[in-house]
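# Chains, contacts and geometry: an overview
The primary structure of each chain is shown beneath.
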Amino acid sequence: MYKRQLLDHVTSRPGVTVYVMSPLLWHGREETRNGAGSRLEDFRLAIRRVVSSFPGVRLIDGAKMLDDDEDFFAAGRRYPSDEGMALIAEKLLQQFS
């Protein structure tokens, strides 16, 4: 609900495009479930549904930002390493330049 209100607000300005990135790949843990039983893919699907209902919002698929290579992840494989952040920046520049 709160996220929809935020998108309602930021898309209320004419000519504004909002970009939302879904969660990044979580190396080796894509099937891990949280306490409610949801996987990251469940969150990605929910975000995709919400974004698709707003004409001024574009989705960046976070799962496609990093290659499934442990070198792109820091120790523990939860967060991008410096190399991973550089790859994300490169892909964003390619997509929006």
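For the structure, see preceding data.
Everything quoted here is computed from the prediction, not taken from an experiment.

Let's shift gears to the overall build of the protein. Counting its regular elements, the protein contains 3 helices and 2 strands. Listing the helices and strands of the protein from first to last along the sequence gives α-β-α-β-α. Judged by the C-alpha coordinates and their principal axes, the protein covers about 40 × 40 × 15 Å. Of all 97 residues assigned to the protein, the portion counted as buried reaches 24%. Pairs at least 24 apart in sequence give 54% of the contacts found in the protein among residues at least 6 apart. Surface accessibility of the protein: about 6,800 Å² in total, with carbon and sulfur atoms responsible for 55%. Across the protein, the centroid of the 14 positively charged side chains sits 10 Å from that of the 14 negatively charged ones.

Moving on, we come to the environment of Leu 7. Structurally, Leu 7 can be placed in helix 1 (residues 2–10). Overall, Leu 7 belongs to the buried group, its relative accessible area being 10%. As a C-alpha pair, Leu 7 and Leu 66 span 59 residues in sequence and 26 Å in three-dimensional space. With residues near it in sequence (within four places) discarded, Leu 7 still touches Val 18, Val 20, Val 50, Phe 54 and Val 57.

Next up on the list: a negative patch on the surface. Together, Asp 68, Asp 69, Asp 71, Asp 82 and Glu 83 make up a negatively charged patch on the protein surface. One can find Glu 83 in helix 3 (residues 82–96).

A few words on the environment of Leu 92. Along the chain, Leu 92 falls in helix 3. By relative accessible area, Leu 92 is classed as partly exposed at 25%. Taking C-alpha positions, Leu 92 is 24 Å from Ala 75, a pair spaced 17 residues apart along the chain. Every residue in contact with Leu 92, bar those within four places of it in the chain, is listed here: Met 21, Ile 60 and Met 65.

Our next topic: the side chain of Arg 39. In this fold, Arg 39 is placed in the loop between strand 1 (18–21) and helix 2 (40–52). Other than its neighbours up to four places away in sequence, Arg 39 contacts Glu 30, Glu 31, Thr 32 and Arg 33.

What follows covers the pattern of salt bridges. When their charged atoms lie close together, side chains carrying opposite charge are able to pair. Using the criterion set out here, one finds 2 salt bridges in the structure. Notably, a salt bridge pairs Arg 39 with Asp 42, separated by 3.2 Å at the nearest N-O pair. Since its relative accessible area comes to 17%, Arg 39 is described here as buried. The partner of Glu 41 in a salt bridge is Arg 44, and the shortest N-O contact between them spans 3.4 Å. Here the residue Glu 41 and the residue Arg 44 both occupy positions in helix 2, the gap between them amounting to 3 residues, near one helical turn. When its relative accessible area of 25% is taken as the criterion, Glu 41 is described as partly exposed.

So, about the nonpolar core. The biggest cluster of nonpolar side chains holds 8 residues, and these are Leu 25, Ile 60, Met 65, Leu 66, Phe 72, Phe 73, Leu 87 and Ile 88. Excluding anything up to four places from it in sequence, Leu 66 contacts Leu 25, Phe 72, Phe 73, Pro 80, Gly 84, Leu 87, Ile 88 and Lys 91. Counting residues in each nonpolar core, the second largest holds 5 residues, with Leu 7, Val 18, Val 51 and Phe 54 among its members.

Rules behind the numbers
Residues numbered from 1 in each chain as written. Predicted model: local features only at pLDDT ≥ 70, side-chain atom pairs only at ≥ 80, totals over all residues. Heavy atoms only, no water. Helix = DSSP H or I, 4+ residues; strand = E, 2+ residues; numbered from the N terminus. Buried < 20%, exposed > 50% of the residue type's maximum accessible area, 1.4 Å probe, protein only. Contact = heavy atoms within 4.5 Å. Areas by Shrake-Rupley, 256 points an atom, 1.4 Å probe, with all protein chains shown as cover. Lys, Arg positive; Asp, Glu negative; His and termini not counted. Charge placed at Lys NZ, Arg CZ, Asp CG, Glu CD. Patch = residues over 30% accessible without salt bridge, like charges linked within 9 Å, V, L, I, M, F, W, Y side chains within 5 Å. Salt bridge = Lys/Arg side-chain N within 4 Å of Asp/Glu carboxyl O. Core = buried A, V, L, I, M, F, W, Y, C linked by side-chain atoms within 4.5 Å.

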